[in-house]
Amino acid sequence: MLDQTSRDLVKATVPVLKEHGITLTRHFYARMFAHNPELKPVFNQGNQQSGGQQQALAMAVLAYAEHIDDPMVLLPVLTLVANKHVSVGIRAEHYPIVGRHLLASIKEVLGTAASDDLIAAWAAAYGQLADVLTGLENDIYGRAALTEGGWTGWRAFKVSEKIVESEEITSFYLQPADGGKVPVYRPGQYITVKVFVPVLGMMQPRQYSMSAAPGNAYLRISVKREAQLAEKPAGMVSNVLHRDINEGDILEVAPPMGDYFLHEDRDTPVVLISAGVGLTPKLSMLEHLTARKSGREILFLHACRHGGVHAFKHRVRELAKMHPQVKSTVYYETPRASDQKNIDYDYTGRLDLDKIADQVIMPQADYYVCGPHAFMQAQVASLKSLGVDASRIHKEAFGSGGFAD
């Protein structure tokens, strides 16, 4: 535990971090990559270009400073970060490098305001944080190695099938190239795949949720091709996967990770809420529950723009027909002329839980929400306003997050 003087010095930087946090983290990343370019392949360069990574780190540093008196309050966030770190191969030996550049950046950005005492306090604070994270990460590495079919680091997987699921989403079926076992995982978890991105001239890792139930002879990821939009660049890895990776090719894969997964220690109802490609971990949960012949009542709520981008429509419908405890409700924001109401979709417009509360709200149900950040915020707020306890709401956002995303 830090001494009181150090904690006070760290807390005193909170106003500065609120005002200049992104400037600091932008400087930090530029400095680190200039001095240690070998770390570039570990970090998401797409999020670097969009600014998402700098913003995520700025928010994380601010949160740590605000809770420096009891940083374990942040344990759920730190656990998420630790999973992300392990998924891209961050090890204990990386922390001194990051720490050196973070402290130098504080001094260079704050100038004369960064006294020797302040730098010493932040050095101690960073050391405390590094100890917590490396402890969490060592546990995760250990569990990954001891899991049936597990490993640490990277393992070669062969693309056994590549199947188009919609205009935007394509599935990749992955089998161990060494002929070994497929790892055990929990429905909702993700793997990291690493591919060479020509435009960057380097390997890049990305996380993708498994979209199939565990227990198969393969891992399946279903990847959305991220097109370039005015506010963000095209997805570098997703476009390489769609354009260049074919059946028979080899991908480097890290073990299944993530603390967002189906809770199986209960028999209460399950409500799966998703938008767009956020349905992938939900499909893994749905397939797992039905394969296990679970008697739990399941409501599968999905929203997308129209039928052209609606992936796994027939698979969900098939499972609902086979298992009477499964109900499916679909929203199309802007249906196409060929989309048939009550066949392809149920409601027009955006998903509105308030209007279907009689279907959604069930005693002791668990709610799993996944999709774009704004979508998740809206659904979580609706669930809480409808009286759902926060402990029953489980959420997963795709995108940058964490201290070193």
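Being a predicted model, the structure only gives us computed values, none of them experimental. (Residues numbered from 1 in each chain as written. Predicted model: local features only at pLDDT ≥ 70, side-chain atom pairs only at ≥ 80, totals over all residues. Heavy atoms only, no water.)

K.L.:
How do you make sense of the overall build of the chain when you look at a structure like this?
P.N.:
Counting its secondary structure elements, the chain contains 12 helices and 12 strands. Taken against the 2.2 N^0.38 rule, which gives 22 Å for 405 residues, the C-alpha radius of gyration of the chain at 22 Å falls within 12% of a compact globule. For the C-alpha atoms alone, the extent of the chain along its principal axes is close to 65 × 50 × 45 Å. Summed over all atoms, the accessible surface of the chain reaches about 18,000 Å², with 53% contributed by carbon and sulfur. (Helix = DSSP H or I, 4+ residues; strand = E, 2+ residues; numbered from the N terminus. Rg over C-alpha atoms; globule rule 2.2 N^0.38 Å. Areas by Shrake-Rupley, 256 points an atom, 1.4 Å probe, with all protein chains shown as cover.)

K.L.:
It is not clear to me how the packing of helix α2 (residues 14–35) against helix α6 (residues 94–110) should be interpreted in this structure. Could you clarify?
P.N.:
Relative placement of two packed helices is described by the angle separating their axes and the distance separating the axes. Close contact between α2 and α6 brings their axes to 8 Å; oriented N to C, the two are set at 125 degrees. By the angle between their axes, α2 is oblique relative to α6. As for the relative orientation of α2 and α6, their crossing is right-handed in sense. On α6, the residues that touch Val 16, Thr 23, Leu 24, His 27, Phe 28, Arg 31, Met 32 and His 35 of α2 are Val 98, His 101, Leu 102, Ala 104, Ser 105, Ile 106, Glu 108, Val 109 and Leu 110. (Axes fitted to C-alpha atoms, helices over the stretch in contact; angles between N-to-C directions. Parallel < 35°, antiparallel > 145°, perpendicular 65-115°, else oblique. Left-handed = near helix turned anticlockwise from the far one by under 90°. Contact = heavy atoms within 4.5 Å.)

K.L.:
What exactly am I supposed to notice about the side chain of His 394 here?
P.N.:
Positionally, His 394 belongs in strand β12 (residues 393–397). The class of His 394 is buried, set by a relative accessible area of 11%. A polar contact of 2.8 Å, which involves the side chain of His 394, links it to the side chain of Asp 366. (Buried < 20%, exposed > 50% of the residue type's maximum accessible area, 1.4 Å probe, protein only. Polar contact = N/O pair within 3.5 Å; in protein donor to acceptor, adjacent residues only side chain to side chain.)

K.L.:
I would appreciate a short explanation of the sheet that holds strand β2 (residues 169–176) in the present structure.
P.N.:
The pairing of strands in a sheet happens through backbone hydrogen bonds and is either parallel or antiparallel. The antiparallel open sheet is built from six strands, whose spatial order is β4-β3-β6-β1-β2-β5. Sheet topology places β4 (202–209) and β5 (219–224) at the edges, where each strand pairs with a single neighbour. Each strand axis lies, on average, 40 degrees off the axis of its neighbour in the sheet, ignoring direction. As judged from the four bridges shared by strand β1 (residues 155–164) and strand β6 (residues 250–257), these two strands associate in the antiparallel manner. In the strand pairing of β6, Ala 156 is matched with Glu 252. (Pairing = 2+ DSSP bridges.)

K.L.:
Sorry if this is basic, but what is going on with the environment of Ala 227 here?
P.N.:
In this fold, Ala 227 is placed in the loop between β5 and α8 (236–244). As for Ala 227 and Asn 239, which are separated by 12 residues in sequence, their C-alpha atoms are 8.1 Å apart.

K.L.:
Even after reading the chapter, I still don't get the packing of helix α4 (residues 52–66) against helix α7 (residues 116–146), so can you show me in this structure?
P.N.:
Across the interface, α4 lies against α7 with an axial gap of 12 Å and an inter-helix angle of 100 degrees. Judged by the angle between their axes, α4 and α7 are roughly perpendicular. Contacts between α4 and α7 pair Val 61, Tyr 64 and Ala 65 from the former with Trp 122, Ala 125, Gln 128 and Leu 129 from the latter.

K.L.:
Got a minute to help me understand the pairing of strand β9 (residues 326–332) in this structure?
P.N.:
Consecutive residues of a regular strand have side chains that alternate between opposite faces of the sheet. Counting buried positions along β9 yields five of seven residues, so the element is predominantly enclosed. Across seven bridges, the pairing between strand β8 (residues 298–304) and β9 is parallel. Paired with Leu 301 across the bridge in β9 is Thr 329. This β-α-β element, β8 to helix α10 (residues 313–322) to β9, shows right-handed connectivity. One ladder, built from two bridges, connects β9 with strand β10 (residues 347–348); its direction is parallel. Residue pairing across strands places Tyr 332 opposite Thr 348, the latter belonging to β10. (Right-handed = clockwise from strand over helix to strand, strands pointing away.)

K.L.:
What should I look at first to understand the nonpolar core in this one?
P.N.:
Most often, soluble globular proteins have nonpolar side chains that are buried together. Met 32 and Trp 122 are the most contacted members of the largest nonpolar core, which totals 46 residues. Where this core is concerned, the elements lending two or more residues are α2, α4, α5 (75–87), α6 and α7. Counting residues per element, this core draws most heavily on α7, at 12 residues. Those residues within four positions of Trp 122 in sequence are excluded, and the remaining contacts are Val 10, Thr 13, Leu 17, Val 61, Tyr 64, Ala 65, Leu 103 and Ile 106. Listed in part, the 23 residues of the second largest apolar core include Leu 174, Val 182, Tyr 185 and Val 253. (Core = buried A, V, L, I, M, F, W, Y, C linked by side-chain atoms within 4.5 Å.)

K.L.:
Help me understand the pairing of strand β7 (residues 270–275), please; the structure alone is not making it clear to me.
P.N.:
Extensive coverage of β7 is indicated by the burial of six of its six residues. Going residue by residue along β7, you find Val 270, Leu 272 and Ser 274 tucked away on one face and Val 271, Ile 273 and Ala 275 tucked away on the opposite face as well. In this structure, β7 lies alongside β8, joined through six bridges in parallel fashion. Opposite Ala 275, over in β8, you have Ala 303 as the bridge partner. As for the winding sense of the linkage, the β-α-β connection from β7 through helix α9 (residues 279–291) to β8 is right-handed.

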